[in-house]
Amino acid sequence: MLPDRDAAEEVAEALGDRFGTDEEPQLVRDALAGEDDAEDAQWLVVVEDPEGRLAAAELDEFAAEWDGWREEP
């Protein structure tokens, strides 16, 4: 979860370099309850990891570099 679209796009680009992911992550706008304004939205960078190759602690640290955090589905 990231605070804005710019951060989400940067994270999506950096994921492959940092973790060697092949699949393009999906960016999803998560509007806050009752808000329609894009300024009041957070952005999710959805990463599929069915093999469990990505360590949760490393992802937490990575997301924090952009003032974000990791959430489990």
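Predicted model, so just to flag it, every value in this text is computed and none were measured.

Draft legend 1. Representation of the packing of helix 1 (residues 5–19) against helix 2 (residues 56–64). Look at helix 1 against helix 2: their axes get within 12 Å of each other, and the N-to-C directions meet at 140°. Comparing their axes, helix 2 and helix 1 come out oblique. Note that helix 1 runs across helix 2; the crossing there is right-handed. Side by side, helix 1 and helix 2 meet where Val11, Ala14, Leu15, Arg18 and Phe19 of the first sit next to Glu58, Leu59 and Phe62 of the second. Residue composition of the contact of helix 1 with helix 2, by class: six nonpolar, no polar and two charged.

Rules of the game
- Residues numbered from 1 in each chain as written.
- Predicted model: local features only at pLDDT ≥ 70, side-chain atom pairs only at ≥ 80, totals over all residues.
- Heavy atoms only, no water.
- Axes fitted to C-alpha atoms, helices over the stretch in contact; angles between N-to-C directions.
- Helix = DSSP H or I, 4+ residues; strand = E, 2+ residues; numbered from the N terminus.
- Parallel < 35°, antiparallel > 145°, perpendicular 65-115°, else oblique.
- Left-handed = near helix turned anticlockwise from the far one by under 90°.
- Contact = heavy atoms within 4.5 Å.
- Nonpolar A, V, L, I, M, F, W, Y, C, P; charged D, E, K, R; others polar.

Without other data, these values stay purely geometric and don't point to any function.
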